[in-house]
Each structure stands twice: as C-alpha cells, then as structure tokens.
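Summary of structural features
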Amino acid sequence: MKAILIIAHHCILPGAYKGFEEILDRLHHDMPGTRVASTSLLDLENDLRTLLREDVESVMLLPYLLLNGQHTKNDVPKVVARLQAEFPEIPITLLPCLGDWKEFASMVVDGVRNAQVGMCRSERSEESRCSLDPSATPDSIDFGSRMTGFAWDDARMLRVQASNFFSIELNLEGRNVLVVGGGRIALRKVKTLLPTGARITVVAPQFDPEFKSLDSWTTPDSRMTGSAQKDSLTSVTLIKRAYEPLDLRCVFMVFICTDQPTVNAQVSNDAHARRILVNNACDYLDGDFIVPARMDFGENIAVTVSTQGRAPSLAKKLKQKIQAEWAEGLEQVEKEFYES
C-alpha cells in the first residue's frame, strides 16, 4: 500500500484546518487504496516513523506550505534523510511546497479574477437596490455580508437549525480515548466511558479529587470470562501536566473539557488535522459528535435522549422523566419478550 503524508503548520486558531481537511477528504475519495495521513511540522518525525512501521511500500510527503524557506529547504529534508536511513527499504519522496507548483500561480490568478468579477456584480446589484429604494444609502449597505453571502454567525445558526447529527453506537473496546481536562465535566465523561472497555487517558494540570479513585483503574467486562475478560479491560490513566500534541498519538477519539479557549482550540485543531473524532464540551458545533443522555433498563435496553446539543438541561429533565415513568414498563416489556 502506498501512503501520502501531508505536512502543515501547527495552528491553534479555531477553523484553521478547514481547507486542509477538504483536501484530505478529496484525496481519500479520489485515491482509494492509498493511505492518506496528515501531520504538523512539530510532529513530522514521530508521525512519519509511525507510518513507516505500517505495511506501506512507499511514502510521498507533501509540504502544505507556500514558501520554499527554512522548513522545506532544511528542517523537513533532514527528517526525511534520517528516516530514509532508518527504513532504507521504503522509498520516501518529498514533493515541492505548494508555492513552487506550476499550477499554483494559475490557480491564484483565476481566484483573484473570479473575486473581482463577483465584486463587480455585487456593486451593480447594490446600485440597482439604491435606485429602487431611495432610503438605501452606501452607509446602510453591509459590504461584509455582500462579500461573504451571509455572516458567519448566520452560517452557524443554519447548522443548528438543520442538524446533520447521525445517531450511532460506537464500539470502543480496546480503543484509545483521550480526555483533556480535569474538572467535573471531564469526570462525567470518564464515568460515561467506563463501561465501554476503552483505554482512557486523562491529561490535565490539576484533577478533581474524585479522579483519585479512578487512577490506574480497571474493570472487566462482566460478559467476558477467562483470557477474553483480560483483553477487554477498561483502564484509566491520569497524566498531571498540560496537554501536548503528542498526547494524540494512536488516539481514536478525544473529549475536550477544559475552561481554557486557547487549549480547547489547540486540541481541536491538532485532532482534526489527524482525522481524530472530537467532542468539544464547550462548543458542540466545533466537534464531530455529541454524547446523548443515556439510560439503561433491564438487561439489554438502552434509551438515549438528545436535544442535538442545543439544550443539555432539557435533555437532563427528559432523562429524569423517562427514568421515573418508563423504567417499570420497559423492564416488563423486556421480561415478556424473553418469556414468550
């Protein structure tokens, strides 16, 4: 299997990797059978070494950079040379940075030309509006909205009103799950994950005192026996320090639970660049999924309640109502089902 590794700058601003993620999606779609991965300049050596240890026959590196400067002339080639010597049987090809691609100049010119055409059309539209509505003066026209079509806040509201969440149940047994944060929200997330059989790592400078009872905690799946039970342990490991990008290595899913916007943005961007599933407790629209309120009844019934992330307190009230009014009835239905 061939592999492509795209190298990008490390950035903590929310939404910084949007275009980058679209390119990854296109490559995944248009190049089936090719392993497509991403990394940052900070993590290049570790991620490239991990990729080379997989079953790949060759690796192509694409610097997602415009200028052929220090990184592309010195930093990246040095890493490539070290790892090529370490894995001589796997050819590593370093492509030019995007700014040196012949097609790039044409793309920029076409983009500027199209933007100018769009501005001219918009100006003519505003002139027509002013002629039809005398009260519409240049000062009353929102040129920012004219350029973008609609404001970013409006775009977020459209996402809220037309939710595209898809309800599924994931098998996390044996998966690595990272929780960033050590407060009550992080504690609730960890407790929710305990029955799943996941390998949970929690990273935070400080922890709620209740975390102490979970450190190095393991629980077997009651459905398993013998050696199978040993392989399905849920483990919780606490790491008392600030988050680092390397914490995401080999992680399947990350829960962001801090009260620090800068940290949350960094974790989110780092995870999205690596195609890791993200749940952001502070901004559900920034994440890839939300966690509905769950209730278990009898032996095999699970009921979940979701308000699409918009009203957690409402979901909590609904959960309490269902638990109070449905529990006996659902357990009776299950009992009758198995007796029939």
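See above for the structure.
Quick look at the structure, then. (Residues numbered from 1 in each chain as written. Predicted model: local features only at pLDDT ≥ 70, side-chain atom pairs only at ≥ 80, totals over all residues. Heavy atoms only, no water.)

1. Points about the overall build of the chain
Of regular secondary structure, the chain possesses 10 helices and 12 strands. Counting only residues that meet the buried cut, the chain has 34% of its 340 residues in that class. In the chain, once contacts between residues fewer than 6 apart in sequence are set aside, the share between residues at least 24 apart is 66%. As displayed, the chain has an accessible area near 21,000 Å², and 55% of this comes from carbon and sulfur atoms. (Helix = DSSP H or I, 4+ residues; strand = E, 2+ residues; numbered from the N terminus. Buried < 20%, exposed > 50% of the residue type's maximum accessible area, 1.4 Å probe, protein only. Contact = heavy atoms within 4.5 Å. Areas by Shrake-Rupley, 256 points an atom, 1.4 Å probe, with all protein chains shown as cover.)

2. What about the pattern of salt bridges?
For the structure on display, the rule yields 16 salt bridges. For Asp110, the salt bridge is made with Arg113, and the minimal N-O distance between the two is 3.1 Å. One end of the pair is Asp110 and the other is Arg113, both in helix α4 (residues 102–132) and three residues apart, which spans about a single turn. Overall, Asp110 belongs to the partly exposed group, its relative accessible area being 39%. Of the charged contacts, one joins Glu169 and Arg294 as a salt bridge, the two residues approaching to 3.2 Å between their closest N and O atoms. In this pair, Glu169 sits in the loop between α6 (152–161) and β5 (176–180) while Arg294 sits in strand β11 (residues 293–297), placing the two residues 125 residues apart along the sequence. One connected set of salt bridges, linked through shared partners, spans Glu45, Arg49, Arg82 and Glu86. (Salt bridge = Lys/Arg side-chain N within 4 Å of Asp/Glu carboxyl O.)

3. Quick look at the sheet that holds strand β4 (residues 92–94)
Strand pairing in a sheet relies on backbone hydrogen bonds. The paired strands run either parallel or antiparallel. If you walk across this open sheet you meet the four strands as β2-β1-β3-β4, and the pairing is parallel. Edge positions in the open sheet fall to β2 (35–40) and β4, since each of these has one partner strand only. Neighbour-to-neighbour, the strand axes of the sheet open up by a mean angle of 20 degrees, direction not taken into account. Relative to strand β3 (residues 58–63), strand β1 (residues 2–8) is paired through six bridges, and the arrangement is parallel. Considered in β3, the bridge of Leu5 is made with Leu61. (Pairing = 2+ DSSP bridges. Axes fitted to C-alpha atoms, helices over the stretch in contact; angles between N-to-C directions.)

4. Regarding the nonpolar core
If you look at the biggest cluster of nonpolar residues, it comprises 19 residues, and the most contacted ones within it are Val179, Val190, Ile200, Val202, Phe211, Val236 and Phe255. Tallying contributions element by element places helix α7 (residues 184–193) first for this core, with four residues. Grouped together as the second largest cluster of nonpolar side chains are 18 residues, Leu48, Leu51, Val79 and Leu83 included. (Core = buried A, V, L, I, M, F, W, Y, C linked by side-chain atoms within 4.5 Å.)

5. Some points on helix α2 (residues 44–52)
Since the α-helix turns once every 3.6 residues, residues separated by three or four places project in the same direction. Inspection of α2 places Leu44, Asp47, Leu48, Arg49, Leu51 and Leu52 among the buried residues, and these make up the whole buried set. Turning to α2, the residues buried within the fold contact β1, β2, β3, α3 (70–86) and β4.

6. Examining the packing of aromatic side chains
By the definition in use, this model includes three aromatic pairs. Relative to Phe289, the ring of Phe255 lies with its centre 5.6 Å away and its plane at 85 degrees, an arrangement referred to as edge-to-face. A residue pair is termed long-range when its members are at least 10 positions apart, and Phe255 in strand β9 (residues 253–256) and Phe289 in the loop between β10 (277–280) and β11 qualify at 34 residues. When sorted by exposure, Phe255 lands in the same class as Phe289, which is buried. (Phe/Tyr/Trp six-rings, centres within 6.5 Å; stacked < 30°, edge-to-face > 60°.)

7. What about unusual backbone geometry?
With phi around 65 degrees, Cys250 is a residue other than glycine that occupies positive phi space. Cys250 sits in the exposed class, given a relative accessible area of 62%. Positioned with a positive phi, Arg275 is a non-glycine residue whose angle comes to about 65 degrees. In this fold, Arg275 is placed in the loop between α9 (261–273) and β10. Residue Arg275 is classed as partly exposed on the basis of its relative accessible area, which comes to 36%.

8. Thoughts on the pairing of β11
Covered by surrounding structure in β11 are Ala293, Met295 and Phe297 only, the residues Arg294 and Asp296 on the alternate face being uncovered. The pairing of β11 with strand β12 (residues 301–305) spans five bridges and is antiparallel. Paired with Phe297 across the two strands is Ile301, which belongs to β12. Here β11 folds back onto β12 in antiparallel fashion, the turn holding three residues, of which Gly298 has a positive phi close to 60 degrees.

9. Digging into a nonpolar patch on the surface
Where nonpolar side chains cluster on the molecular surface, the patch consists of Met107, Val108 and Val112 and spans about 260 Å² of accessible area. With respect to the secondary-structure elements, Val108 resides in helix α4. (Patch = residues over 30% accessible without salt bridge, like charges linked within 9 Å, V, L, I, M, F, W, Y side chains within 5 Å.)

10. Some details on the state of the cysteines
Tallied over the full model, the rule gives zero disulfides. The structure places no disulfide on Cys257, whose sulfur is separated from the nearest cysteine sulfur, that of Cys282, by 7.8 Å. Relative accessible area serves as the criterion here: at 8%, Cys257 is assigned to the buried category. For Cys282, a relative accessible area of 51% gives the class exposed. (Disulfide = S-S within 2.5 Å.)

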